[in-house]
Number of protein chains: 2
Amino acid sequence: MRTGIATVCLAGTLREKMQACAAAGFDGIEIFEQDLVTSPLSPEDVRKLAADLGLTLDLYQPFRDFDSVPEDLLAANLRRADAKFRLMSRLGMDTMLLCSNVGTATIDDDELRAAQLSRLAHLAGDHGVKVAYEALAWGKYVNDYEHSHRLVDLVDHPNLGTCLDSFHILSRDWDTAPIEAFNPEKIFFVQVADAPKLSMDVLSWSRHYRVFPGEGQFELAQFMGHVVRAGYTGPVSLEVFNDVFRQSDVERTAVDAMRSLIWLEEQSAAWLEANPVPAAGGVAGQAAGTPGRRRYPMELATLPRVAEPAGFNFAEVRATDTAALETLLGQLGFTSNGRHRTKNVQLWTMGHARVIINEEPAASGTVATAGAGTAAAPAVSASISALGFDVDSPVIAAARAQQLKAPAVPRKSQANEEIFQGFAAPDSTEIFLCQGNPGGTAAWTREFGDGLEATAADLAGGGAGAVIDHVNLAQPWQHFDEAVLFYTSALALEPQPYAEVASPTGLVRSQVMLTQDRGVRLVLNLAPLLQQEAPAGMSGTTTAATGQRRTYQEHVAFAVDDLVATARAARDRGLDFLQIPANYYEDLDARFALDPEFLATLRELNLLYDRDADGEFLHFYTATVGSVFFEMVERRGSYDGYGAPNAPVRHAVQYDHEHELTRRS
Amino acid sequence: MRTGIATVCLAGTLREKMQACAAAGFDGIEIFEQDLVTSPLSPEDVRKLAADLGLTLDLYQPFRDFDSVPEDLLAANLRRADAKFRLMSRLGMDTMLLCSNVGTATIDDDELRAAQLSRLAHLAGDHGVKVAYEALAWGKYVNDYEHSHRLVDLVDHPNLGTCLDSFHILSRDWDTAPIEAFNPEKIFFVQVADAPKLSMDVLSWSRHYRVFPGEGQFELAQFMGHVVRAGYTGPVSLEVFNDVFRQSDVERTAVDAMRSLIWLEEQSAAWLEANPVPAAGGVAGQAAGTPGRRRYPMELATLPRVAEPAGFNFAEVRATDTAALETLLGQLGFTSNGRHRTKNVQLWTMGHARVIINEEPAASGTVATAGAGTAAAPAVSASISALGFDVDSPVIAAARAQQLKAPAVPRKSQANEEIFQGFAAPDSTEIFLCQGNPGGTAAWTREFGDGLEATAADLAGGGAGAVIDHVNLAQPWQHFDEAVLFYTSALALEPQPYAEVASPTGLVRSQVMLTQDRGVRLVLNLAPLLQQEAPAGMSGTTTAATGQRRTYQEHVAFAVDDLVATARAARDRGLDFLQIPANYYEDLDARFALDPEFLATLRELNLLYDRDADGEFLHFYTATVGSVFFEMVERRGSYDGYGAPNAPVRHAVQYDHEHELTRRS
């Protein structure tokens, strides 16, 4: 599959965009007119730069408001096209995108339109270039890709073809199957964009909220499957208007974009395999074949396939002063398994839940894509720095991640030590792929303490069945969509519809990423912007404007079988629980009519409660250390949530507590 | 008019919100349930705090999903209501908001609904409280305020009435005139919210994009006029769900909110005066009166009325090193009028365009509402620090601004010096109200140089007719809506539909604020977020992530009669023009088919060009000093824009130029 991207997707100057596209591995680019008009590079400079970078210049775009106009305006439009065709010759480009008319169309007549398009096609032919006609979703008369294709057929000129843009097709819910019947020689170009399903006017949706494939909710693999079956072999090019990407680091966004096409290519191949062409009376242009794998003119590369991770292997918290963390974990019922034999890290376990406390400062340069992430800076006293996932084959999973351009994280290892395959997530959390064991044990734990592998059987009390239930990571706003694609493509987690939670400092967007069997539950939290304006590290800083202490908190949640017993034992060990207001329990009673004794227990132990049609959820939180706290949960029945109705209580109490600290200091 | 606000409008804890509301001067508040549930304050604490702060507790809200349900669910709902009524007694509150059912309604039967509401009203009566029933715009069966009012009439119980919320009514485009016929004793509460006209689902629109009155596009004065005519005398309370306000400084947002109600009160009085009740066969519940001013049960306070400002009196640029600014102004054709006799400021003039260069550092504490604004910090080498406006009566205009809670700016003056009435805009630009003179002169200019008032006649060359055409101010994202209301209410500028302009670092939102006669054109620019993440001052800083130099630019544009002559003279004086790429002129020619000689002139002088149905626009830009640059424009015909199609060129070239500086350094 030939990969492409429109320059409008990226921030920076035309030169910067082209360099970033080449570095990310794209085959070619679309030149967005405004990027050329505003550039000091001459057309000849651009042509040479592209050649030097090994990029093809695939599409000049857009040319607007041409068809369906009176004759005098048509003459002006042809003159305008002529100027652009001459420009394209200087650029060495052969295809121009023509959008269906939005602004100046006044005549709704397909015959007239075809005649006008025919004159444009002839003019293009004179210049040796081609025109790819696209039906904009909000085109005045032409807003359906089948309509634009019918016009192309009507004109029947070798220099006029169709451009298919997934956004304009899927935003209108058009059926994509008819693409298969198109003559592939008439499909001049294919653009792909994903988008979240929003109910707003399609123009605003298109101009601001498009995302790269895998970051939205469109059925792009199916769209591509039909395009491939039609016999199209040209570029598959990203055209994504997105307010965030436009202002993000250009090199990083280009890599994110490339990852989305690599993933889409794999998904398209999978869709084709899962949807064999009907055996008889098949689609036009295709000989009816045997079901199953078959070859198409476009070759689709695939990635090493991996099963979804079985669970969390460990969570690592980096801290400059570890005493407070050790106290919290001990009070929660975790056992210290001593220090690593060569590294300055400790292992704490409870059942199969493992927490590594890392006292080593983050190596600068370890995380290739740091940016505004949460990598531990000196000022941060504690943050979640790494997560381990249980996978069938760490080597294959790592190869897959690498092909998806995940930046590798080197971890120094001594002889006889487990080597982890690791890479950096977009928020710069380090992700390690660990060999999952059937018993849920981990061989690397022998590198700690007395050299014995910690097993569940070693543990006393109610924690034998403990596991990491979910991990909640704070995400910088510039990299939220990138993170969704990263975990989707590299770790096979499935994004769920997101929720928004009220906090005293604004709405927190909460995006759950799941494996199908719920072995891994990862929650990506997008904090309010003002919380993100603190300097790097994003934690524990005081903003000048308000004197408020703002944090950007993350946490690890552990599931146990008997939360009340766990909480009682923790209380007896002196745990600093997050204190839940009395008003909460009155509201809980009003909502659920709980048994008075049970309600008293909840209140006594600062437990939170939720109930839905599937089951019940009990949980409590610890105090916060640095930007990290812990949660203990018990799932009853088939409860599949995270106690979302209680999240505002947590946020408010944490905010109040920080405030109290600020007032005292 | 009794003023109120729902706690959900504001950031912070319940205590912080209440304190901020009291400080801003509200009469009462609505308690949003979640704010109480998450608070450590007991209901009795809240009641006492409100009393201590002098706030009434006007509405407990919301109670959801009560009506249109089967009997078993109704019983549970009544139990839930009973718990809330008991809570309200502890709070000392007498009115609860009931929203029409969205989630659990299954029976669409007005008689059943009325019967269920009647049972709730009786229960409320037992507790001595009242229920205000509101039709949500997205209510399952009840989503029209007239429908909810019919149900209230059907129930006919003293403890059940209507809550009218402007958002739920105006978002659905319901006619508001029927409100006048309502029995005022059945209107228990009135909530007001404004909103921009967005085409999206009404729930998302409501939950994220509401703004305070005057910051959106709803006809709120008319809505309020009907409410007043109906005879309503209760609180007029803000209920505004807004993603930005939720995370902004609570005290500041409360003042912004209060300003919106003061302004709405004035606008409502003006609407009533402009729309007298018909003389005969009038509205039910109203005796037919004589047209013109009449009294209603609700008293509406008004503000000192002022005419719109006639023009800019001056623009002031503050700079740590003024040499570069002096050079630019001199090359543009400005004349130095020397220094002020007591202050460290210079006056430069060209026709009626006056620029003050201020070398004095910004006094800390001068700008009461500084926040993340653009007040000059030591690192900033130049920024627009103040604007003077010509008004009929500075004293009356200042009194108006003061009543609208604009923070006053004290300017020290010596004897015999003009005293300016000044206040701080939300971005902390200082706004001064100056006595407008018919000849466009300014008496204060005698305080400069040789003590002679500078007049247009003093000036040679083409600059005699020069004026400040527009000023473009960068706005921090947290205070954008506040700025729109500020200039609307305090200076009578009219907000225009906003535009979005592409720049290499993201989309720039550009909001024009105008006087009707175009004497004042102010453009508020909302820069991309990443540009705003630089530390205070927002200019000239280098971000760690990219090594890019980011600025947050502002400018003053001067209009002249002959731009080509002005540009030629400036070129001869060695002006550093913003260099426009050759590609721009090719595109211009393709679009407009310009006379070759004219095109050559544009290219030669780095002039930009725009044309529309009203006329033509020629302009050029200077290089940037600190975060400030200048623009010269010529308007031909009735051209009323700002050359928006050229803005991306300016942004790109400025970005490229900064980049070049960064690469060299």
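All values reported here derive from a predicted model rather than from experimental measurement.

Cut-off values and rules
Residues numbered from 1 in each chain as written. Chains lettered and ligands numbered in written order. Predicted model: local features only at pLDDT ≥ 70, side-chain atom pairs only at ≥ 80, totals over all residues. Heavy atoms only, no water. Phe/Tyr/Trp six-rings, centres within 6.5 Å; stacked < 30°, edge-to-face > 60°. Helix = DSSP H or I, 4+ residues; strand = E, 2+ residues; numbered from the N terminus. Buried < 20%, exposed > 50% of the residue type's maximum accessible area, 1.4 Å probe, protein only. Lys NZ or Arg CZ within 6 Å of the ring centre and 35° of its normal. Axes fitted to C-alpha atoms, helices over the stretch in contact; angles between N-to-C directions. Parallel < 35°, antiparallel > 145°, perpendicular 65-115°, else oblique. Left-handed = near helix turned anticlockwise from the far one by under 90°. Contact = heavy atoms within 4.5 Å. Nonpolar A, V, L, I, M, F, W, Y, C, P; charged D, E, K, R; others polar. Least-squares fit on C-alpha atoms with pLDDT ≥ 70 in both. Lys, Arg positive; Asp, Glu negative; His and termini not counted. Salt bridge = Lys/Arg side-chain N within 4 Å of Asp/Glu carboxyl O. Polar contact = N/O pair within 3.5 Å; in protein donor to acceptor, adjacent residues only side chain to side chain. Buried area = accessible area lost by both parts, 1.4 Å probe. Core = buried A, V, L, I, M, F, W, Y, C linked by side-chain atoms within 4.5 Å. pLDDT = per-residue confidence, 0-100.

1. Overview of the packing of aromatic side chains
Right, on to step 1. By the definition in use, this model includes 48 aromatic pairs over all chains.
Right, on to step 2. Consider the rings of Phe558(A) and Phe630(A), whose centres lie 5.8 Å apart with planes at 35 degrees: the pair is tilted. One end of the pair, Phe558(A), is in strand β23 (residues 554-559); the other, Phe630(A), is in strand β26 (residues 628-637), and 72 residues separate them in sequence. For the pair Phe558(A) and Phe630(A), one class covers both residues: buried.
Right, on to step 3. Note on Phe63(B) and Phe66(B): the rings are 6.5 Å apart at their centroids and 50 degrees apart in plane angle, and the pair reads as tilted.
Right, on to step 4. Among the aromatic residues, those joined into a cluster by ring pairs are Phe314(A), Phe420(A), Phe432(A), Trp444(A) and Phe448(A).
Right, on to step 5. Here Arg650(A) stacks its cationic end above the ring of Tyr621(A), 5.5 Å away from the centre of that ring.
Right, on to step 6. Positioned over the ring face of Tyr642(B) is Arg635(B), at 5.3 Å from the centre of the ring.

2. Section: the packing of helix α16 (residues 582-592) of chain A against helix α17 (residues 596-605) of chain A
Residues and elements named next belong to chain A.
Right, on to step 1. Between α16 and α17, whose axes approach to 10 Å, the crossing angle comes to 155 degrees. Relative to α17, the element α16 is oriented roughly antiparallel. For α16 against α17, the interelement crossing comes out right-handed. In contact with Tyr585, Leu588 and Asp589 of α16, α17 contributes Leu599, Leu602 and Arg603.
Right, on to step 2. Taken together, the residues of the contact of α16 with α17 sort by class into four nonpolar, no polar and two charged.

3. Observations concerning the relation of the copies chain B and chain A
Right, on to step 1. The transform that puts chain B on chain A rotates by 180 degrees and translates by 0.0 Å along the axis, for an RMSD of 0.0 Å. As the rotation angle and translation indicate, the two copies are arranged about a two-fold axis. In terms of proximity to the rotation axis, the leading residue of chain B is Met200(B), whose C-alpha is 1.9 Å off the axis.
Right, on to step 2. Interface overlap between copies is the fraction of interface residues in one copy that are interface residues in the other; for chain B against chain A it reaches 97%, indicating a shared surface.

4. Quick word on the side chain of Glu631(A)
Residues and elements named next belong to chain A.
Right, on to step 1. Mapped onto the elements of the fold, Glu631 is located in strand β26.
Right, on to step 2. Of the buried charged residues, Glu631 lacks a salt bridge, with Arg650 as the closest side chain of opposite charge at 6.1 Å.
Right, on to step 3. A distance of 2.8 Å separates the side chain of Glu631 from the side chain of His619, its partner in a polar contact.
Right, on to step 4. The residues contacting Glu631, other than those within four sequence positions of it, are His470, His555, Val556, Ala557, Phe558, Phe617, His619, Phe620 and Tyr621.

5. Overview of the interface of chain B and chain A
It is common to give the size of an interface as the accessible area that goes away when the parts come together.
Right, on to step 1. In this complex, chain B contributes 61 residues to the contact, which on the side of chain A involves 59 residues.
Right, on to step 2. Summed over both sides, the interface of chain B with chain A buries roughly 4700 Å², with 52% coming from carbon and sulfur.
Right, on to step 3. On the chain B side of the contact with chain A, Val37(B), Gln247(B) and Asn583(B) bury the most area, a combined 12% of that side's loss.
Right, on to step 4. Joining chain B to chain A, the criterion identifies six salt bridges.
Right, on to step 5. A salt bridge links Arg90(B) to Glu586(A); the nearest nitrogen and oxygen atoms lie 3.0 Å apart.
Right, on to step 6. Inspection of the chain B/chain A interface yields 24 residue pairs in polar contact (both at pLDDT 80 or more).
Right, on to step 7. Of all the elements in the fold, those that place two or more residues in the side of chain B that touches chain A are α2 (33-37), α4 (71-91), β18 (499-503), β19 (506-514), α14 (529-532), α16 (582-592) and α18 (647-664) of chain B.
Right, on to step 8. Among the elements that line the side of chain B that touches chain A, the one with the most residues is α18(B), at eight residues.

6. Points about the nonpolar core
Right, on to step 1. Within the largest apolar cluster, 377 residues are counted, with the highest numbers of intra-cluster contacts made by Tyr487(A) and Tyr487(B).
Right, on to step 2. If one sorts the elements of this core by residue count, helix α10 (residues 250-274) of chain A sits on top with eleven residues.
Right, on to step 3. Apart from residues no more than four positions distant in its own chain, Tyr487(A) is found in contact with Ala425(A), Ile431(A), Leu473(A), Ala492(A), Leu493(A), Met513(A), Leu522(A) and Leu524(A).

7. A few points about the confidence of the model for chain A
All names here are of chain A.
Right, on to step 1. Per-residue confidence for chain A averages 89 on the pLDDT scale, and 88% of its residues sit at or above 70.
Right, on to step 2. Throughout residues 281-289 the model reports pLDDT below 50, and contacts reaching past four residues in sequence, or to other chains, amount to 16 contacts.
Right, on to step 3. Low pLDDT, under 50, characterises residues 364-380; the stretch is placed with 43 contacts to residues that sit more than four places away or in other chains.
Right, on to step 4. Confidence metrics for the complex model read pTM 0.90 and ipTM 0.89.

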